[in-house]
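# Overview (structure and organization)
One letter stands for each residue in the lines below.
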Amino acid sequence: MHAHPRSQVSSRTGVFSWALWDWGSASFNAVIITFVFTPYLTKAVASSEESGSAALGWSMAAAGLVIALVAPAVGTRADAGGRHKLWLGVHTGIVVATMFGLFFVRDSPAYLWLGLLLIAVGSVFFEFAEVAYNGIMVRISTADNVGKVSGFGWGMGYAGGLVLLVLLLVLVIQPEVGLFGATDEGGLRFRIVAALSAAWFAIFAIPVLITAPGAKVKGTSAGHPIRAFIADYAALVRRLVRMWRTEHQTLRFFIASAIFRDGLAAIFAFAGVLAAGSYGFSAAQIIVLGVAANVAAGAGAMIAGFFDDRFGPKPVIIVGLIVIIAGGVPIIFSAEAGVFWACALILSFCVGPVQASSRSFLARITPPERAGENFGLYATTGRAVSFLGPAMFALSISLFGFQRAGTIGIIVVLLLGLALIIPVRPDAPRRSMEAMAGT
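Bear in mind the structure is a predicted one, so any value in this text is a computation, not a measurement. Numbering of residues begins from 1 in every chain and follows the order in which that chain's sequence is written. The predicted origin of the model limits local features to residues at a pLDDT of at least 70 and limits the giving and counting of side-chain atom pairs to 80 or more, whereas totals for whole chains, interfaces and linings rest on all residues. With hydrogens and water stripped out, all remaining heavy atoms of the structure feed into the side-chain values.

### Here's the deal with the packing of helix H12 (residues 313-333) against helix H16 (residues 406-421)
A pair of packed helices can be characterised by two numbers: the angle between their axes and the separation between those axes. To obtain an axis, a line is fitted to C-alpha atoms, over the contacting stretch when the element is a helix, and the angle between two such axes runs from 0 to 180 degrees between their N-to-C directions. Where helices and strands are cited, they refer to DSSP runs of H or I of at least four residues and of E of at least two residues respectively, numbered from the N terminus. Following both chains from N to C, one finds H12 and H16 inclined at 160°, their axes separated by 10 Å at the closest point. Here H16 runs roughly antiparallel to H12, going by the angle between their axes. Remark: the crossing between H12 and H16 carries left-handed chirality. Counted together, Lys314, Ile317, Ile318, Leu321, Ile322, Ile324, Ile325, Gly328, Val329, Ile331 and Ile332 of H12 and Thr407, Ile408, Ile411, Leu414, Leu415, Leu418 and Ile421 of H16 form the full contact between these two elements. Across the contact of H12 with H16, the residue classes break down as 15 nonpolar, two polar and one charged. In this scheme, roughly parallel covers angles under 35 degrees and roughly antiparallel covers those over 145, while 65 to 115 is roughly perpendicular and the rest are oblique. Take the far helix as your reference; a near helix turned counterclockwise from it by less than a right angle gives a left-handed crossing, and one turned clockwise gives a right-handed crossing. For this analysis, residues touch if any pair of their heavy atoms sits within 4.5 Å. Three categories are distinguished: nonpolar for Ala, Val, Leu, Ile, Met, Phe, Trp, Tyr, Cys and Pro, charged for Asp, Glu, Lys and Arg, and polar for the others, with Gly belonging to the last.

Here it is as structure tokens:
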């Protein structure tokens, strides 16, 4: 697929505007989900850290289940209608609204359900927004630069998270009386953080909605929505059956990576919650941890690129997963803050490489004519098990009765992903495709 000549002229502006959405979206991922608001929810709003953490895990699992059931069809509908920009705007708007809604979650157990509901709804629509966002990436990039464009967006997300976390730390979290009169009274400090984060996301989402190219709509998603939804799922099943017959190893990779990527997502989803509840980190200390974790993850991803090119992506994924699993074990047994700091940085350093090499693995085993289909399926399978990590985290806390036990559930998910990726042969799908082409 070649970019339209006119789009190439404005490609730098288009790519930068597109990547600003990633920069802004860090306000939801880094601030709300990982390092600031969910720790407030489980520590200050819930009646106990254990019950709050388990409730958060189950609510995120429920959100993951909704995403798994609906997201594939959401993506297909956006593709069919060519309306990625419209749906990016709608879904981002809903996420921003849920973030603003968190302003009303005071530090009382009566407000826990409201906070969990808003975060779950925000998580669902954030995933839907990302489906449309990735659809736009295809329109503003070419086969020659799609990797760089994707990497630039990834980097902008890390950088945006860093900048916002530091600003919130200095202006709202650390001062005795922060911006807009932020104090600990009624959880006001954290409610103001949620509102400022919503504004941050809204502002930086605007450029892509103005500059992103629209598509000529052909064969749009007209017709009965339920019939269209069923047709989309029938198409998805046909694709999986075809892969089972002709690209068995690629399908195995999809399943393995979906599971271990969900384990990686769970690490970031619950790191702040554990830091606050089990290790007594203050809000300021959690933000410092967040900054350090983002730096470590970014550095790890860059360094791993060298090893990926030299030895291939599979060894990077396997070594990374083994180190992450080993690095998570001390968290189960130790209540020392220093131990958690060391483990968190080791885990962060390895998460970036595993994510980056997973994407590289797929790129290397995918024939060019199947790139769009395979990367779409990669995203879909990732969402299909997005309830697994949170559910295992919550189940482990419920079974063992202490918050750090949630780490056991995450480790089990990562072990399963590791066991499934080890037998996958990286070159088998390409060989099978070449054999088919030669016959």
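### Description of helix H10 (residues 248-277)
Every helix has an expected span of 1.5 Å times one less than the residues it contains. Between the first and last C-alpha of H10 there are 44 Å, a value that for 30 residues agrees with the 44 Å anticipated at 1.5 Å per step. Maximal helix bending in H10 amounts to about 40°, located at phenylalanine 270. For every residue, the accessible area (1.4 Å probe, protein chains only) is compared with the maximum for its type, and the residue is labelled buried under 20%, exposed over 50%, or partly exposed between those bounds. Summarising burial for H10: 26 of the 30 residues are buried, a large majority. To get the bend at a residue, fit one axis to the 7 residues ending there and another to the 7 starting there, then take the angle between the axes.

### Some details on the pattern of salt bridges
Think of a salt bridge as a Lys or Arg side-chain nitrogen and an Asp or Glu carboxyl oxygen that are within 4 Å of each other. Evaluated as defined, the whole model comprises one salt bridge. For arginine 189, the salt bridge identified is with aspartate 184, shortest N-O distance 2.8 Å. What makes aspartate 184 exposed here is its relative accessible area of 52%.

### Description of the packing of aromatic side chains
When we look at a pair of aromatic rings, we describe it by the centre distance and by the angle of the planes. Note on aromatic contacts: the rings of Phe and Tyr and the six-membered ring of Trp form a pair at centre separations within 6.5 Å, being stacked when their planes are under 30 degrees apart, edge-to-face when over 60 apart, and tilted otherwise. A full pass over the atoms with the stated rule returns 20 aromatic pairs. A centroid spacing of 6.2 Å and a plane angle of 15° characterise the contact between tryptophan 23 and tryptophan 200, whose relative ring orientation is stacked. Of the two residues, tryptophan 23 sits in helix H2 (residues 11-35) while tryptophan 200 sits in helix H8 (residues 188-211), which places them 177 residues apart along the sequence. In terms of burial, tryptophan 23 and tryptophan 200 fall into one category: buried. Here the aromatic residues Trp18, Trp21, Phe28, Phe126, Tyr133 and Phe201 are joined through ring pairs into a cluster of three or more. Directly above the ring of phenylalanine 103 sits arginine 191, whose terminal nitrogen or CZ lies 4.8 Å from the centroid. Any Lys NZ or Arg CZ that is within 6 Å of a ring centre and within 35 degrees of that ring's normal is treated as a charge sitting over the ring.

### Notes on helix H15 (residues 388-400)
For H15, which comprises 13 residues, the first-to-last C-alpha distance of 18 Å matches the rise-based estimate of 18 Å (1.5 Å per residue) to within 8%. Turning to H15, its buried residues are Gly389, Pro390, Ala391, Phe393, Ala394, Ser396 and Ile397. Glycine 401 sits one or two positions beyond H15 and adopts a positive phi of about 80°.

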